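# Report on the structure
As a plain string of letters, each chain reads:
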Amino acid sequence: MILSIESSCDDSSIAITRLSDKKLLFHKKISQDAEHALYGGVVPELAARLHALALPKILEETKPYFQDLKAIAVTNEPGLSVTLVEGVSMAKALSVALNLPLLGINHLVGHIYSLFIDKETTFPLDILLVSGGHTQLLHVKNLEHIELLATTMDDSFGESFDKVGKMLGLPYPAGPIIEAYARKGNEKKFDFTIPLLASKQMAFSYSGLKNQVRLCVEAHENLDEQTICDICASFQRIAVAHLMRQIKKAYKERAIERFGVVGGASANLYLRGHLEAFCASKKAPLLTAKMEFCSDNAAMIGRCAIDAYEQGKFTTLEALKIRGSSKDMFIKK
Ligand code: KG4
Ligand code: ZN
């Protein structure tokens, strides 16, 4: 079995995955949404202190599995440096105490493996990764070969939902709340423009759309419930239209064998609906993760670690480095 640890942002999570059949045997996650909601975004130092409390608590529950462990896996990049340190220090301590090899796992590759919990992998695979830190279109040959087809020039898809939510006075993380409000709103009420409409560039951009919403919010003296729903619906329509437009452009001349959507924002059913229609037009199946594995979790890290273990991708105590990117992941207050 492999014990895996995730602490790249504001979720403390540990999983136990069995090597022989890739089965997830134990999985627990403690989220910090309530604590960060007070500040309207993730506060890295607070997140680190909360990991220091939550991770040992979860670890205690995994003690019965210790005798069967063959490796310790941990997210070591990308993420908030101060929170990654919490998971990586715990992984190194366990590796020393239990005399087990270490596996460093890339968080984004981990998200791809959220599609394969309890399952065999199916590659090649094209991926839309939509999270709070990233918006990427990827062509995945296997764990080793991942080609970046497009990425965001500024804000990420999930981050734009969080920032629009903040303008509307909604709590963090706003993604699921905006999706729920959008269901009650008129998506044609506000005519926001699709980003990069005139550009041939293969990229995503959300800061312009965010500013369009800001101007719209500022133009209303009093935001009643129906106006908030209409803004959410109109914003979500354009945010998804932009994703779909760029995706269609990227695959105009490219065949797709199978397409997967991963990351926290892949839980959005409006987005999933549009991707289903696109995949049907390309005659490719759409792979989605179970809702509980869309947002950050250690189960996906453990599943990725199974493949890394089988390929002998071990690292030493000294070589296991943290590569944070707080610029990408920190949601400004
Ligand atoms: O993958 P994740 O848990 O953390 C990162 O690695 O960033 O993604 C969290 C992001 C947040 O920005 C959150 O607002 C967004 O995913 N999100 C959503 C939805 N559920 C979560 N965005 C849009 N619609 C949703 N239903
Ligand atoms: Zn993530």
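The structure displayed is predicted, hence computed values, not measured ones.

Conventions we followed
- Just so you know, the residues in each chain are numbered from 1, in the order the chain's sequence is written.
- Here every chain gets a letter starting at A, and every ligand a number starting at 1, in the order they are written.
- It should be noted that, the model being predicted, local features are given only for residues of pLDDT at least 70 and side-chain atom pairs only at 80 or more, the latter also being counted only at that level, while totals for whole chains, interfaces and linings use all residues.
- The side-chain figures draw on all heavy atoms in the structure; neither hydrogens nor water molecules are used.
- Where helices and strands are cited, they refer to DSSP runs of H or I of at least four residues and of E of at least two residues respectively, numbered from the N terminus.
- Atoms counted for the radius of gyration: C-alpha only. Globule rule: 2.2 Å times residue count to the power 0.38.
- We call a residue buried when its accessible area falls under 20% of the maximum for its residue type, exposed when it is over 50%, and partly exposed in between, using a 1.4 Å probe and counting protein chains only.
- Contacts are assigned to residue pairs with any non-hydrogen atoms lying within 4.5 Å of each other.
- Only the protein chains shown count as cover for residues, and all accessible areas are computed by the Shrake-Rupley method using a 1.4 Å probe.
- Within this scheme the basic residues Lys and Arg register as positive and the acidic residues Asp and Glu register as negative, but His and the chain ends are omitted.
- Working definition for charges: the position is that of NZ of Lys, CZ of Arg, CG of Asp or CD of Glu.
- The aromatic pairing rule takes the rings of Phe, Tyr and Trp, using the six-membered ring of Trp, and pairs them if the centres are within 6.5 Å, calling planes under 30 degrees apart stacked, those over 60 edge-to-face and the rest tilted.
- If even one non-hydrogen atom of a residue comes within 4 Å of a molecule or strand, that residue is called near it.
- Polar contacts here mean pairs of N or O atoms no more than 3.5 Å apart (in protein, one a potential hydrogen donor and the other a potential acceptor; neighbouring residues in sequence count only if both atoms are side-chain atoms).
- Note on residue categories: nonpolar means Ala, Val, Leu, Ile, Met, Phe, Trp, Tyr, Cys or Pro, charged means Asp, Glu, Lys or Arg, and polar means any other residue, Gly included.
- For every domain, the bounds stem from an assignment made automatically or drawn from a database.

## Topic: the overall build of the protein
Along the protein, the regular secondary structure elements total eleven helices and ten strands. Since a compact globule built from 333 residues should have a radius of gyration of about 20 Å, the 20 Å found for the protein is in line with a globular shape. Overall size of the protein, expressed as C-alpha extent along the three principal axes, is 60 × 45 × 30 Å. Burial analysis of the protein (333 residues in total) assigns 55% to the buried set. The long-range fraction of contacts in the protein, counting pairs at least 24 apart against all pairs at least 6 apart in sequence, stands at 74%. In the structure as shown, the protein presents an accessible area of about 14,300 Å², 53% of it carried by carbon and sulfur atoms. Charged side chains in the protein number 39 positive and 38 negative. The centres of these two groups are separated by 4 Å.

## Focus: the packing of aromatic side chains
Going through the model one piece at a time under the given rule, you end up with twelve aromatic pairs. Centre to centre, the rings of Phe-259 and Phe-278 are 6.0 Å apart; their planes meet at 80°, and the pair counts as edge-to-face. On the criterion of sequence distance, the pair formed by Phe-259 in strand E9 (residues 259-262) and Phe-278 in helix H9 (residues 269-282) is long-range, its members being 19 residues apart. This pair shows no difference in class: Phe-259 is buried, exactly as Phe-278 is. Cluster of aromatic residues (ring-pair linked, three or more members): Phe-157, Phe-161, Tyr-206 and Phe-235.

## Considering the site of ligand 1
For ligand 1, the set of nearby residues contains 19 residues, the closest of which are Gly-132, Asp-162, Glu-179, Gly-264 and Asn-268. For ligand 1, an oxygen atom lies 3.3 Å from a polar atom in the side chain of His-111. Contacts to ligand 1 include Asp-162, whose side-chain N or O atom sits 2.6 Å from an oxygen atom. Summarising the interface, the protein chains cover 90% of the accessible area of ligand 1, which totals 550 Å² for the free molecule. Secondary-structure elements contributing two or more residues to the shell around ligand 1 are helix H4 (107-113), helix H5 (157-167) and helix H6 (175-183). Among the elements that make up the shell around ligand 1, the one with the highest residue count is H5 (four residues). Along the lines of polarity and charge, the residues of the shell around ligand 1 split into four nonpolar, eleven polar and four charged. Each of domain 1 (2-117 + 293-332) and domain 2 (125-288) accounts for three or more of the residues forming the shell around ligand 1.

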